[in-house]
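Coordinate inspection notes
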Amino acid sequence: DGNATDFSQGIPPVVRDQHNQLDTFQPYAQFDITPIQNLTLTAGVKYAFFRRQIKDPYATTSLPNIGFEHNWDKLLPSVEARYSFTPNLSAYAQVAEGFLAPNVNFLNTANDADNSFQPETTWNYQTGFAYQSRHIALGGDVYLVHIVNFVAAGPTVDGFTNYFNDGGAIYKGIEGEGTYTFDNGISLFANGGLNKANNTSTNDFIAETPQFTSNFGIIYSKNNIYASAIDQLVGGEYDANGGANNPRAPGAWYDPYNIVNLVGGYTFVNPMPHVRALDVKLNLDNITNQQQIFWSPGQASSGQDLYYVLPGIAAFVSVSMPIGF
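This section reports on the structure supplied with the text. (Residues numbered from 1 in each chain as written. Predicted model: local features only at pLDDT ≥ 70, side-chain atom pairs only at ≥ 80, totals over all residues. Heavy atoms only, no water.)

Some remarks on the overall build of the protein
Our working definition: Secondary structure elements follow DSSP: runs of H or I of four or more residues count as helices, runs of E of two or more count as strands, with numbering from the N terminus. Relative accessibility thresholds used throughout: buried, under 20% of the residue-type maximum; exposed, over 50%; partly exposed, between the two (1.4 Å probe, protein chains only). Should any heavy atoms of two residues lie within 4.5 Å, those residues are considered in contact.
Along the backbone of the protein there are zero helices and 21 strands. Evaluated residue by residue, the protein yields a buried proportion of 26% over its 325 residues. Look at the contacts in the protein between residues 6 or more apart in sequence, and 53% of them connect residues 24 or more apart.

And the structure:
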């Protein structure tokens, strides 16, 4: 719920009392069978139901849509096959259908009929392997996600952005990860993935999709001490294709960037009655103070170009203390 009244600069007050509600219901069933030794087949189905409700008793000329309710539902099947070559090595293949309830801003229009889109659904395909031993963990996969009824932003009318189904989209890539753990509590790890996403109708690149991602670093976890130093790399990406109000569109490119994060923490065991552990942790994010531009939402009403940049260095302290009786 939200209430707001604006008396600034002589503007008549705007009273809001908006009630947003999202209800979900997602029962599912799953079955495993082993037709031959070392092979497990898993089949499942989920029923996904979403209901969005927005009510605002105070209608205005700029926000005339004072209430609506929309329901979406779909049956979502899935199947997986997993084969164990050895106790340490297995391979798998998965197929599943997905369903995405529309964001609430997709429905915030001057007229409900302005948005006639259908919710996005996906078909997801993935195959890969996993290896686990005392010191080594390895994994890799290739994936393809086909989005049907891909939702894109349309023209802005009376201050509202209308959305529509822009054909489909294909996301595909390859991923891998590996970790080596020493007996002294130190682990070295690295992971990475190459990604590509295109609109199936126009073959345009999907905006804000990094062409690669990667993380690597070192972790220490022993004697109640946790510490890590992790370098996160994010590949270059395109801005939104089209949009006259976007100073970098169409097809603008943002360069890759990397962020280094440090974490240190300590766990106090049984520090007081009824408290089994007290965790204290310090995060230092983006210690090299990277502040690259990574997206442009468009322009302000004054015509000034607007950009989002990385937030720079940040620190965060957390304390957790579960209490039991």
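Topic: unusual backbone geometry
Trans is the common state for peptide bonds, and a negative phi is the common state for residues other than glycine. Positive phi, normally seen in glycine, also occurs at Asn-38, with a value near 75 degrees. Structurally, Asn-38 is set in the loop between β3 (28-33) and β4 (39-55). Since its relative accessible area comes to 35%, Asn-38 is described here as partly exposed. In this structure, Asn-286 is a non-glycine residue whose phi angle is positive, near 55 degrees.

Let's talk about the pairing of strand β14 (residues 225-234)
For clarity, the cut-off: Strand pairing follows a simple DSSP-based rule, namely that at least 2 bridges must link the two strands.
For strand β13 (residues 212-222) and β14, the ladder comprises 10 bridges, and the chain directions are antiparallel. In the strand pairing of β14, Thr-213 is matched with Val-234. A loop of two residues connects β13 with β14, the two strands running antiparallel in sequence, and Asn-223 in this loop sits at a positive phi of about 55 degrees.

Some details on the packing of aromatic side chains
Each aromatic ring pair is summarised here by two numbers: the centre-to-centre distance and the angle between the ring planes. Let me state the cut-off plainly: Planes of paired rings set the category: under 30 degrees apart is stacked, over 60 is edge-to-face and the rest tilted, where pairs are Phe, Tyr or Trp rings (Trp by its six-membered ring) whose centres lie within 6.5 Å.
If you walk through the whole model with that rule in mind, you get six aromatic pairs. On the basis of an interplanar angle of 70 degrees and a centroid distance of 5.0 Å, the ring pair of Tyr-83 and Phe-85 is categorised as edge-to-face. For Tyr-83, a relative accessible area of 30% corresponds to the partly exposed category. Residue Phe-85 is classed as exposed on the basis of its relative accessible area, which comes to 52%. Between Phe-205 and Tyr-238, the ring centres sit 4.5 Å apart and the planes meet at 10 degrees, which makes this aromatic pair stacked. Here Tyr-238 lies in strand β15 (residues 237-238) and Phe-205 lies in the loop between β12 (186-199) and β13, a separation of 33 residues in the sequence. Residue class for Phe-205 comes out partly exposed when judged on its relative accessible area of 29%.

Looking at the nonpolar core
Just so we agree on the cut-off: Nonpolar core, defined: a set of buried Ala, Val, Leu, Ile, Met, Phe, Trp, Tyr and Cys residues in which side-chain atoms within 4.5 Å join the residues together.
In this structure, Phe-50, Phe-99 and Phe-117 are the most contacted members of the largest nonpolar core, which totals 13 residues. The set of elements that each furnish at least two residues to this core consists of β4 and β5 (67-84). Core analysis: the next-biggest nonpolar cluster, separate from the first, contains seven residues, Ile-147, Phe-150, Ala-169 and Ile-206 among them.

Notes on the environment of Pro-322
Its location among the elements puts Pro-322 in the segment after β21 (314-320). You can call Pro-322 exposed: its relative accessible area is 52%. Put simply, Pro-322 and Asp-279 are 43 residues apart on the chain and 9.3 Å apart in space, counted from C-alpha to C-alpha. When neighbours within four sequence positions are excluded, Pro-322 is seen to be in contact with His-274, Val-275, Arg-276 and Ala-277.

What to know about empty space enclosed by the protein
This is how the line gets drawn: Put simply, the grid is 1 Å and covers the protein atoms alone, a cavity is a trapped set of points that fit a 1.4 Å probe, a pocket is an open set with protein on both sides within 12 Å along at least five of seven lines, and lining residues have an atom within 4 Å of a point. Grid points are joined across faces, edges and corners, and a volume is the space filled by probe spheres set on the points. Gly is placed with the polar residues, together with every amino acid not listed as nonpolar (Ala, Val, Leu, Ile, Met, Phe, Trp, Tyr, Cys and Pro) or charged (Asp, Glu, Lys and Arg).
In total, this model carries one cavity of 30 Å³ or more according to the counting rule given. Roughly 70 Å³ of internal volume is contained in the largest cavity. Along its surface, the largest cavity is lined by Asn-195, Lys-196, Ala-197, Phe-205, Ile-206, Thr-209, Pro-210, Gln-211, Glu-237 and Tyr-238. For the lining of the largest cavity, the secondary-structure elements that each account for two or more residues are β12 and β15. Among the elements that line the lining of the largest cavity, the one with the most residues is β12, at three residues. Partitioned by chemical class, the residues of the lining of the largest cavity number five nonpolar, three polar and two charged.

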